[in-house]
Amino acid sequence: MPKFSNIVIIGAGYVGMSLALILSKKHIVTLLEIDKKKVDLINKRQSFMGDEAINVALKNKSINLEAISDHKTAYQKGDLFIICTPTNFDQDLHQFDTQGIEKILADIHSYAKPKLTVIKSTVPIGFTSHMQERFNSKKIVFSPEFLREGSALTDNLEPSRIVVGSSSPEAVLFCNILKEAANKESISCIFTSPDEAESIKLFSNTYLAMRVAFFNEVDTFALTHNINSEQLIEGVCLDPRIGNYYNNPSFGYGGYCLPKDSMQLESNFDNIPQSLISATVKSNQLRKSFIANKIINLKPSKVGIYRLNMKKDSDNFRSSAILEIIHELHKAGIVILIYEPTHKKSFWQSFPLEANLEKFKLKCDLIVCNRKDELLKDVEDKVFSRDIYQVN
């Protein structure tokens, strides 16, 4: 199979790292990252992420991977560029902030002849077509990633599907190198327009958000009416049309993707009639308020927050449901103490942290945790959680 001589991946997050590791087994890969500490750790093959599979794979001596922070050097040597930088949702603009991606595209076109540039970062529907027009290049394509945080490498090795927003020979070659790097033999590949590829990404994640919101509302109903939530959910999910998966109640969906992607899709609908997308976004806010009020009504004097991460085995706090709940509890006058072993400071924002788990357990009369942990078994009578199945 033909190979790109040097693949440049921009961004050393979960998406960029997982792609760099699977592609560097058979290709030369340059990973461009502005954080020089991360660059040094990658080049020393040392762990720095919450995804243990990525950390193990990084130590593989056979990979041909170099991290650099000099963007000019990276852009001049690459013949395939993959953009994996994060896009945040701008509440004022009510859409993704794409300025970073636009700057990368401008730099690539300044330092390199037009070459295939694949955007993996999630973008608004219509963004890639607009960039093709702006830079007069059909070599800019969008290819969404469908990765679970904490399982990024596994999901790239065993992809559910590969979607590429182009059917050009280079786009087909890009799809083929992803297939070649995977562990699965049969992978569905879909070649679409850029708008269709962007839509697939946003609708996929919004459906997942909707499913989380649905089962959280089932749990809200059960908790309010003193119904056994587990039996209710089990009875519903035994219907094969519904399925017994992605149904574990939580304090709300959070993380890198679901909150911002559902809000972006809502924005993309603009004047198109819809209610379900907006209801999904609203439902997540209602769930967090409901959980906060339930805790407040228990009248605890000191609440311990067990972990800030949005899911188990994650080092990501972004849009974690527990963050808003903390502020609601604080507004109600409840004293907050946090246990978060990945945060090495003595405070998170204005809230104190307790580094010693045993002291944390003793100091709190109620412990709130989004996902249960065996480490809290000895104080189970203190724990408030809606976690039924101990899965994310």
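Preceding this paragraph is the structure being described.
Owing to the predicted nature of the structure, the values given are computational and were not obtained by experimental measurement. Residue numbering note: each chain is counted from 1, following its sequence as written. Reporting in this predicted model follows two pLDDT cut-offs: at least 70 for local features of residues, and 80 or more for side-chain atom pairs to be given and counted; totals over whole chains, interfaces and linings ignore these cut-offs and use all residues. Note that water and hydrogens are dropped before the side-chain values are worked out from all heavy atoms of the structure.

A. Fine view of the nonpolar core. By size, the foremost hydrophobic cluster in this structure holds 44 residues, and its most contacted members are Ile9, Met17 and Leu23. Ranked by the residues each element gives to this core, the list is headed by helix 1 (residues 14–23), at eight residues. Throughout, a residue-residue contact means that at least one pair of heavy atoms, one from each residue, lies within 4.5 Å. Apart from residues no more than four positions distant in its own chain, Met17 is found in contact with Gly11, Ala12, Leu31, Ile42, Phe48, Met49, Ile54 and Leu58. Throughout this description, the term nonpolar core refers to a set of buried Ala, Val, Leu, Ile, Met, Phe, Trp, Tyr and Cys residues connected via side-chain atoms within 4.5 Å. Burial status follows relative accessibility: with a 1.4 Å probe on protein chains alone, a residue under 20% of its type maximum counts as buried, one over 50% as exposed, and anything between as partly exposed. Among the nonpolar cores identified, the runner-up in size contains 24 residues, and Phe251, Ile322, Ile326 and Ile336 belong to it. Numbering of helices and strands starts at the N terminus; helices are DSSP runs of H or I of at least 4 residues and strands are runs of E of at least 2.

B. Quick look at the pairing of strand 1 (residues 7–10). Residues Ile7 and Ile9 line one face of strand 1 and the alternating positions Val8 and Ile10 line the opposite face, and both faces are buried. At least two bridges found by DSSP between two strands are what make those strands a pair. Taken together, the four bridges between strand 1 and strand 2 (residues 29–32) define a ladder with parallel strand orientation. Each bridged residue has a counterpart across the sheet, and for Ile9 the counterpart in strand 2 is Leu31. By the criterion used throughout, a crossover qualifies as right-handed when its path from the first strand across the helix to the second strand runs clockwise, the strands pointing away from the viewer. With helix 1 bridging strand 1 and the parallel strand 2, this β-α-β connection has right-handed handedness.

C. Structural view of the sheet that holds strand 3 (residues 65–68). The strand order across the open sheet built from six strands is 3-2-1-4-7-8, with neighbouring strands paired in parallel fashion. The strands lining the two open edges of the sheet, one partner per strand, are strand 3 and strand 8 (140–142). Neighbouring strand axes in the sheet, compared pairwise and without regard to direction, differ in orientation by 20° on average. When strand 7 (residues 117–119) meets strand 8, the two strands line up parallel, connected through three bridges. What sits directly across from Thr117, in strand 8, is Ile140. Fitted lines through C-alpha atoms give the axes, limited to the stretch in contact for helices. The angle between two N-to-C directions lies from 0 to 180 degrees. Each of strand 2 and strand 3 is contacted by helix 2 (residues 36–43), which is oriented at about 160° to strand 3, the strand it contacts most.

D. Quick look at the packing of aromatic side chains. Centres within 6.5 Å are what make two rings of Phe, Tyr or Trp a pair, Trp counting through its six-membered ring; a difference in plane orientation under 30 degrees is then read as stacked, over 60 as edge-to-face, and the rest as tilted. Enumeration over the complete set of coordinates arrives at 10 aromatic pairs. Measuring from ring centre to ring centre gives 6.2 Å for Phe89 and Phe96, while their planes differ by 85°; the resulting arrangement is edge-to-face. Each member of the pair, Phe89 as well as Phe96, is classed as buried. Centroid distance Phe203 to Phe269: 6.1 Å. Interplanar angle 65°. Geometry classified as edge-to-face. Here Phe203 is found in helix 9 (residues 194–224), whereas its partner Phe269 is found in helix 11 (residues 258–269), with 66 residues between them in sequence. Residue classification places Phe269 among the buried residues on the basis of a relative accessible area of 15%. Every member of this aromatic cluster is reached through a ring pair, and the members are Tyr75, Phe81 and Tyr111. Placement of a charge over a ring requires the Lys NZ or Arg CZ to be within 6 Å of the ring centre, with the centre-to-atom vector within 35 degrees of the ring normal. The ring of Phe146 has Arg161 sitting right over it, with the charged end atom 3.6 Å from the ring centre. Just above the ring of Tyr245 sits the side chain of Arg211; from NZ or CZ to the centre is 3.9 Å.

Read these as spatial facts, not as claims about activity.
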